[in-house]
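These are the residues of each chain, in order.
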Amino acid sequence: DTAVSQTPKYLVTQMGNDKSIKCEQNLGHDTMYWYKQDSKKFLKIMFSYNNKELIINETVPNRFSPKSPDKAHLNLHINSLELGDSAVYFCASSQVYRGGSVFGKNIQYFGAGTRLSVL
Amino acid sequence: KQEVTQIPAALSVPEGENLVLNCSFTDSAIYNLQWFRQDPGKGLTSLLLIQSSQREQTSGRLNASLDKSSGRSTLYIAASQPGDSATYLCAVSTGANNLFFGTGTRLTVIP
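Residues numbered from 1 in each chain as written. Chains lettered and ligands numbered in written order. Predicted model: local features only at pLDDT ≥ 70, side-chain atom pairs only at ≥ 80, totals over all residues. Heavy atoms only, no water.

Draft legend 1. Focus on the sheet that holds strand E3 (residues 19–25) of chain A. Residues and elements named next belong to chain A. Read across the sheet, 4 strands follow the order E1-E3-E8-E7 without closing on themselves; strand pairing throughout is antiparallel. Among the strands making up the open sheet, the edge pair consists of strand E1 (4–7) and strand E7 (64–70). Strand-to-strand, the axes of this sheet are offset by a mean angle of 20°, without reference to chain direction. Inspection of the sheet shows E7 paired to strand E8 (residues 73–78) by 5 bridges, in the antiparallel sense. (Pairing = 2+ DSSP bridges. Helix = DSSP H or I, 4+ residues; strand = E, 2+ residues; numbered from the N terminus. Axes fitted to C-alpha atoms, helices over the stretch in contact; angles between N-to-C directions.)

Draft legend 2. Spatial organisation of the pattern of salt bridges. Evaluation of the coordinates by the stated rule reveals 5 salt bridges over all chains. Between Glu82(A) and Arg63(A) there is a salt bridge, and its shortest N-O distance comes to 3.5 Å. Taken as a pair, Glu82(A) in the loop between E8 and strand E9 (87–94) and Arg63(A) in the loop between strand E6 (53–57) and E7 lie far apart in primary sequence, 19 residues in all. On the basis of relative accessibility, which here comes to 41%, the residue Glu82(A) falls in the partly exposed class. A salt bridge links Asp39(B) to Arg37(B); the shortest N-O distance between them is 3.0 Å. (Salt bridge = Lys/Arg side-chain N within 4 Å of Asp/Glu carboxyl O. Buried < 20%, exposed > 50% of the residue type's maximum accessible area, 1.4 Å probe, protein only.)

Draft legend 3. View of the environment of Lys67(A). All names here are of chain A. Inspection of the secondary structure puts Lys67 in strand E7. Classification of Lys67 by relative accessible area gives partly exposed; the value is 49%. Along the sequence, Lys67 and Lys41 sit 26 residues apart, while their C-alpha atoms lie 25 Å from each other. If we skip the residues at most four places from it in the chain, Lys67 touches His73, Leu74 and Asn75. (Contact = heavy atoms within 4.5 Å.)

Draft legend 4. Expanded view of the pairing of strand E4 (residues 32–38) of chain B. All names here are of chain B. Judged by how many residues are buried, E4 sits mostly within the fold: 7 of 7 residues are covered. Of the two faces of E4, both are covered, the one formed by Asn32, Gln34, Phe36 and Gln38 as well as the one formed by Leu33, Trp35 and Arg37. The sheet contact formed by E4 and strand E5 (residues 44–51) spans 7 bridges and is antiparallel. Note that in E5 the partner of Arg37 across the bridge is Thr45.

These results come straight from atomic positions and should not be treated as a statement about function.
Take a look at the structure:
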């Protein structure tokens, strides 16, 4: 069974369109993330949600809106797509432990990625 | 702000050779460091996680070391195989909910 699954795997769309990418994890984790991997293969965190609550929102245009209906899902909605949005988007999840050195055990599990191409 | 650098960017070795991948980070206040593997068109697979209090972790032919004070980590791969060909990424965590990634080292093991 796939632990972290994203759909679709590929997404080709025109500039100006609105699109969504879905992510689901069946690991029972509390925290989910969205990352963007650009053409130079650099991975950068976009958002982090813990128990449906936004924890991290890096410098991301407000055209990007994450939605977490429950702690097993974190969907990414993108409005008015631009050419520069073309990238691979990865979803991840982890079980964040509270307190002390246990933070060190925060292993993130990644989905297979969604390759978005904006034409 | 944390910056993670990996060298070399690409590496080709003949099968059977031992190799070392390097990772450096600018802020030593980390919780842990992870090494990931990324295959073309696929997601990331976590290989090893070293907590800030640890100096190394081993898994099979892989050994990762961490020198937090100098901001360095190495991933040692013994007896490399063609199946090891992939991009290897290191990432450091400075909090409960983030990871800062390096740009990766693309490894090719030649049969």
